[in-house]
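# What the coordinates show
Now for the letters of each chain:
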Amino acid sequence: MGLAAIMWQEYVYFKRKFWSITLGSMISPVLYLIAFGWGLGGGMHGGGGDYINFIIPGIVGLTTMTASFSAIGNSINISRLYEKTFEEFMVAPLNMWVYAIGKVVAGAFRGLYSGWLIILLALVFRTKIDIHPYFVLMMVLNCLTFSAIGFTVGILIKSHADMAKFSNFIITPMAFLCGTFFPLAKMPFLLKNLIWLLPLTQTSLGLRSRGENIWNRTMHPLILVLYFGLVLVLGVHYCKKAE
Amino acid sequence: MLVIQDLTKQYGQITAVDHLDLVVNKGEFFGLLGPNGAGKTTTIRMISTLTPLTSGQIAVAGQTVNRNLTEVKRKIGVVPQHNNLESEMTAWENLELHGRLYHMPKKSRRERIDELLEFTGLVERAHDLARTFSGGMKRKLMIARALMHQPELLLLDEPTVGLDPAVRRKMWDLLRNLSQGGLTVLLTTHYIEEAEILCQRVGLMNGGRLVELDTPARLIKKVGKVVVEYFERGETKGVLFETREEALALAAKLAGSVKIRSSNLEDVFLQLTNRRVGE
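Residues numbered from 1 in each chain as written. Chains lettered and ligands numbered in written order. Predicted model: local features only at pLDDT ≥ 70, side-chain atom pairs only at ≥ 80, totals over all residues.

Chain B is annotated in an unreviewed UniProt entry as ABC transporter of Acididesulfobacillus acetoxydans. Check the Subcellular location (unreviewed entry) section of the UniProt entry for chain B; it says "Cell membrane". Regarding chain B, the relevant UniProt record gives this comment under Sequence similarities (unreviewed entry): "Belongs to the ABC transporter superfamily." (UniProt positions renumbered as here; feature names shortened; annotations may be inferred.)

As annotated in an unreviewed UniProt entry, chain A carries the name Transport permease protein and is attributed to Acididesulfobacillus acetoxydans. The heading Sequence similarities (unreviewed entry) in the UniProt record of chain A holds the text "Belongs to the ABC-2 integral membrane protein family."

## Things to note about the domain arrangement of chain B
Residue and element names in this part refer to chain B. According to the domain assignment, chain B consists of domain 1 (2–215) and domain 2 (219–273). Between the C-alpha centres of domain 1 and domain 2 there is a distance of 34 Å. Between domain 1 and domain 2, the residue contacts involve eleven residues of the former and seven residues of the latter. A class-by-class count of the residues in the side of domain 1 that touches domain 2 yields six nonpolar, two polar and three charged. (Domains from an automatic or database assignment. Contact = placed C-beta atoms within 7 Å. Nonpolar A, V, L, I, M, F, W, Y, C, P; charged D, E, K, R; others polar.)

## Regarding helix H7 (residues 160–177) of chain A
All names here are of chain A. Here H7 contains 18 residues, and its C-alpha end-to-end distance of 25 Å stays within 8% of the 26 Å for a straight helix at 1.5 Å per residue. A maximum bend of about 35° is found in H7 at Ser167. Those residues of H7 that sit buried are Met163, Phe166, Ile171, Met174, Ala175 and Leu177. Buried residues along H7 sit against helix H3 (51–81), helix H6 (133–156), helix H8 (189–196) and helix H9 (199–207). Just downstream of H7 lies Gly179, where phi reads positive at about 70°. (Helix = DSSP H or I, 4+ residues; strand = E, 2+ residues; numbered from the N terminus. Expected span 1.5 Å × (residues − 1). Bend = angle between axes of the 7 residues up to and from the residue. Buried ≥ 20, exposed ≤ 12 C-beta atoms within 10 Å, placed from the backbone.)

## Examining the interface of chain B and chain A
At the junction of the two partners, chain B supplies 24 residues and chain A supplies 22 residues. Within the residue set of the side of chain B that touches chain A, elements represented by two or more residues are helix H2 (70–73) and helix H3 (91–101) of chain B. When residues of the side of chain B that touches chain A are assigned to their parent elements, the largest contribution, four residues, is made by H3(B). In terms of residue class, the side of chain B that touches chain A is built from seven nonpolar, nine polar and eight charged.

## Concerning the pairing of strand S6 (residues 76–79) of chain B
Residues in a regular strand point their side chains to alternate faces of the sheet. All names here are of chain B. Of the two faces of S6, the one carrying Ile76 and Val78 and the one carrying Gly77 and Val79 are both buried. Taken together, the four bridges between S6 and strand S7 (residues 153–157) define a ladder with parallel strand orientation. For Ile76, the partnering residue across the bridge sits in S7 and is Leu153. (Pairing = 2+ DSSP bridges.)

## What to know about the packing of helix H1 (residues 2–16) of chain A against H3(B)
Two elements in contact, H1(A) and H3(B), have axes separated by 8 Å at closest approach and are oriented at 160°. The angle between H1(A) and H3(B) places the two elements in the roughly antiparallel class. In the crossing of H1(A) with H3(B), the sense of the turn from one axis to the other is left-handed. Within the contact between the two elements, H1(A) uses A:Gly2, A:Ala4, A:Ala5, A:Trp8, A:Gln9 and A:Val12 and H3(B) uses B:Glu93, B:Leu97, B:Arg100 and B:Leu101. Per-class residue counts for the contact of H1(A) with H3(B) are six nonpolar, two polar and two charged. (Axes fitted to C-alpha atoms, helices over the stretch in contact; angles between N-to-C directions. Parallel < 35°, antiparallel > 145°, perpendicular 65-115°, else oblique. Left-handed = near helix turned anticlockwise from the far one by under 90°.)

## Observations concerning the confidence of the model for chain B
Residue and element names in this part refer to chain B. Per-residue pLDDT for chain B averages 86, and the proportion of residues at 70 or more is 97%. Across chain B, the element-wise mean pLDDT spans from 73 in helix H10 (residues 265–273) up to 96 in H3. Both scores are available for the predicted complex, with the pTM at 0.84 and the ipTM at 0.85. (pLDDT = per-residue confidence, 0-100.)

Right, here's the structure in full:
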């Protein structure tokens, strides 16, 4: 019931802000597609094929990451520090696990919505995109992981500026370095292995994994599940102590 | 209904609430009065589980209050000092969300929403976004929301702060109707008149401690029923007397502007703490 309440609230918000969410989700990906599809992409190759076909999974990964992270991170941070609506949930007979899961799932839905919009746009740009159950699984896990990260950061930060700092120092570098726009193989050895551990790298590799061996195809979702679990436990722990 | 034992809250070296003991009886309208920083809001926040206790215990209807004990939370309704409505939701949606969070069945939820919108006079604005409401309407909606799940104890933290006098009086009528319904209410305020009009008993807080506890009438009687107010050496002074005759005797000796009036809780507070309530 508590979970349904939170999901219902998020649905009401989504319905009310449908156009701003939809158009807002499309701006960056459209710019990427124009720049890398029509602009640079025409004469370039990457990952063994046309560059545009290489970057589409990367753009799906980074868009679902930013959409899930921002949707939940901003919502929690505004609710806690500005509108104080967070208190309404704290005084309600609601288990903090239920609250966290409700918010994280809602954030993941927002990420998935943005992801499907990109896929539709990619089809407009006539790119080859291979959608299969494993691709969808990776998208879902990416959304859940970054939604959980957004939740935990939203609970931990002490000011609105901290949210921007986290985005600038963690989310933006990941968006560019985690195999989204170029293959990891081009990186120096040490940096490559460090970046390999990051969740968005696992998503980028997973989304492009057709033909990879079973070991790798098992590792990508497992690592994301591990991130999701750890970050969620941390978020709930601090949520129980939040004032 | 509410039992607070040896309650203390410390923020580093600062003691916000200092060994507070308090019992509020079932059906009582109880007021916590005090200046800013007296510890009123911290007390309310600890009862509503928003702020962890440093030590002591709080029980509502025999159950210990704790953020992770959901059952006891159903018994408490909270109206915080600041507006914390979902501004992008309508009045109806705010109440619906609250009803869902408190696991109310759909039928009783919808009936209760209609009842409370009627009670607070917000029927006409039910489907308008909360952010378009005036300060008074927001307060009314917050009270309606706190009453949605029919709590046994209602916590009101300065419910009329920032409202103009006319709206404040309307809010008092609304709050009086609540207490007539048998609900237990704990109100914090620094409006003396509000405490005098609404509360059956009043606790005066200062520096995190409860300095006095009684009915408004008895507290006033303790310090004297009549005040002689006069201006001397750049400040207004007041002297309290048991009888009007004693007050008149002093007034006759004073030069300049002298005012004789009935004493109120403000005088009690000033007498006990040397501070004005709003300071």
